[in-house]
Amino acid sequence: LPIYAGQIAGGWSLNFVSSAASCCDPPPRLSITTDNGDVEISWPATGGAFVLEAKASLDAGSPWATVTTTPFLDNGVYTVTLPATAPARFFRLRR
């Protein structure tokens with residue numbers, strides 16, 4: 001199984017294992033930053049179409065939901081801006 005690892009702002013790190021076929025390019029890496037009380041989630045536009053999803057918990061019974069805010073494309077990067085008022089959420093990209 002492919003294993004991915006990355007750094008998140010604030011000293012957090014992310015590691016996950018994908019059961020997806022290893023024939024394909026890995027998904028783009030998400031970048032998460034804050035700006036004026038908002039959270040900006042961005043990813044490169046390369047690699048095809050992806051949908052941003054979120055969930056409140058990593059429990060197996062907690063479903064992923066599509067983030068309804070439309071990403072905007074600028075200079076080859078998609079960005080979604082969300083208010084930082086919500087409780088903690090986890091994000092992923094899905095084809």
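Residues numbered from 1 in each chain as written. Predicted model: local features only at pLDDT ≥ 70, side-chain atom pairs only at ≥ 80, totals over all residues. Heavy atoms only, no water.

Draft legend 1. Region of interest: the pattern of salt bridges. Applying the stated rule across the entire model yields two salt bridges. For R92, the salt bridge is made with E53, and the minimal N-O distance between the two is 2.6 Å. Highlighted residues: R92 in strand β9 (residues 90-94) and E53 in strand β5 (residues 51-55), separated in sequence by 39 residues. For R92, a relative accessible area of 31% puts it in the partly exposed group. A relative accessible area of 5% means that E53 is categorised as buried. Within the structure, one salt-bridge network assembled from shared partners comprises E53, R92 and R94. (Salt bridge = Lys/Arg side-chain N within 4 Å of Asp/Glu carboxyl O. Helix = DSSP H or I, 4+ residues; strand = E, 2+ residues; numbered from the N terminus. Buried < 20%, exposed > 50% of the residue type's maximum accessible area, 1.4 Å probe, protein only.)

Draft legend 2. Focus on unusual backbone geometry. For N36, which is not glycine, the phi dihedral falls at a positive 50°. With a phi close to 55°, N75 is a non-glycine residue in the positive phi region. Within the fold, N75 resides in the loop between β7 (72-74) and β8 (77-83). Since its relative accessible area comes to 78%, N75 is described here as exposed.

Draft legend 3. Structural detail: the sheet that holds strand β3 (residues 31-35). If you walk across this open sheet you meet the four strands as β3-β4-β8-β7, and the pairing is antiparallel. Edge positions in the sheet fall to β3 and β7, since each of these pairs with one other strand and no more. Each strand axis lies, on average, 30° off the axis of its neighbour in the sheet, ignoring direction. Of the strand pairs in this sheet, strand β4 (residues 38-44) and β8 are connected by seven bridges, and their pairing is antiparallel. Opposite W43, over in β8, you have Y78 as the bridge partner. (Pairing = 2+ DSSP bridges. Axes fitted to C-alpha atoms, helices over the stretch in contact; angles between N-to-C directions.)

Draft legend 4. Region of interest: the confidence of the model for the protein chain. On average, residues of the protein chain carry a pLDDT of 81, and 74% of them reach 70 or more. Of all the helices and strands in the protein chain, strand β1 (residues 3-8) carries the lowest mean pLDDT, 56, while strand β6 (residues 65-66) carries the highest, 96. (pLDDT = per-residue confidence, 0-100.)

Draft legend 5. Focus on the sheet that holds β6. As summarised here, the arrangement of the three strands in space is β6-β5-β9, forming an open sheet in which the pairing is antiparallel. The open sheet has two edge strands, β6 and β9, and neither has a second partner. Here β5 runs beside β9; their pairing, made up of five bridges, is antiparallel. Counted as the bridge partner of K55 is F90 from β9.

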